[in-house]
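As a plain string of letters, each chain reads:
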Amino acid sequence: MAFTRATGKHRRPTPTHRTTARAAGVAALTTTGVAGTLAAPAFAAAPEQTGLTPVVSIGEDVADQIDAQAAAQMEAARQKARDDARKKAAEEARKRAAEEAERQREAEERAAREAERKRLNTFVSPIPGSYVSTSYQAGGATWSSGSHTGIDFHAGTGTPVHAVGFGTVVEAGWGGAYGNQVVIKMNDGTYTQYGHLSSIGVSAGETVAPGQQIGLSGATGNVTGAHLHFEARTSPEYGSDLDPVAYLRAHGVGI
């Protein structure tokens, strides 16, 4: 039996053609995970029996929902990327701030240690503004050893006498030919002696600082007039003297 088929340039799309086109779009969206998130009732079609592979027809409103949902997911992804970037930038800024704070703390600690080191090594003149009236190792019968074991600072009776640096008083009292004296063990292990004092203002065992008043000058002991006898020593004992001028200058005191 022969069948005739309508021919012509224009034929209306059959339901099968429309359905197949919709199905292709749904399949593509389903692959990307977009269509799968739509609620089941949104699909306004059911499988059609065409004699071919079953497909699903969808309406224009469902397609719009899929497009909107895809756009929303893309925007959410972009927003997450922006949020992640901001979090990363904030964390890096926090790390940089913490590192800078640590560097600042270390710099401050170094500066504090240096300031303390300088403070501990600070020396001053025992009588600021005075001068040396008798030099070190000056000869003469006045001294039992035959020479001067220290230096004399010009000072009238009652002139304040100061510790030249940080140290601990090891002697404070009568010193024979030295009269009233104070001997201090300095922080660097050397010793300084202050003799012929009219009065003593510290006690053995006391810690003193540069410029602290330890007594008043006078003329006690073996002297011919009021002054301060000053010695620098390697030990607290007589005979271990150093050049006092060189000693003070080595510690930054200009005399």
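Residues numbered from 1 in each chain as written. Predicted model: local features only at pLDDT ≥ 70, side-chain atom pairs only at ≥ 80, totals over all residues. Heavy atoms only, no water.

Draft legend 1. Seen up close, the nonpolar core. With 25 residues, the main nonpolar core has Val-182, Ile-184, Tyr-194 and Ile-214 as its most contacted residues. For this core, the secondary-structure elements that each account for two or more residues are strand 2 (151-154), strand 5 (180-186), strand 6 (191-200), strand 9 (227-233) and helix 3 (244-250). (Core = buried A, V, L, I, M, F, W, Y, C linked by side-chain atoms within 4.5 Å. Buried < 20%, exposed > 50% of the residue type's maximum accessible area, 1.4 Å probe, protein only. Helix = DSSP H or I, 4+ residues; strand = E, 2+ residues; numbered from the N terminus.)

Draft legend 2. Region of the structure containing the pairing of strand 5. Strand 5 sits mainly inside the fold: six of its seven residues count as buried. Strand direction decides the pairing type here: strand 4 (residues 167-174) and strand 5, joined by seven bridges, are antiparallel. Within strand 5, the residue paired with Trp-174 across the bridge is Asn-180. The turn linking strand 4 back onto strand 5 is made up of five residues, and Gly-176 within it adopts a positive phi angle of 65°. (Pairing = 2+ DSSP bridges.)

Draft legend 3. Structural context of the packing of aromatic side chains. Within the structure shown, the criterion is met by three aromatic pairs. For the ring pair Phe-153 and Phe-230, a centre distance of 6.3 Å and an interplane angle of 75° mean the geometry is edge-to-face. Placement of Phe-153 in strand 2 and of Phe-230 in strand 9 is noted, with a sequence separation of 77 residues between them. Neither residue differs from the other here; Phe-153 and Phe-230 are each classed as buried. The interplanar angle of 65° and the centroid separation of 5.4 Å between the aromatic rings of Tyr-194 and Phe-230 together place this pair among those described as edge-to-face. Here Phe-230 lies in strand 9 and Tyr-194 lies in strand 6, a separation of 36 residues in the sequence. Each member of the pair, Tyr-194 together with Phe-230, is buried. Members of the aromatic cluster, connected to one another through ring pairs, are Phe-153, Tyr-194 and Phe-230. (Phe/Tyr/Trp six-rings, centres within 6.5 Å; stacked < 30°, edge-to-face > 60°.)

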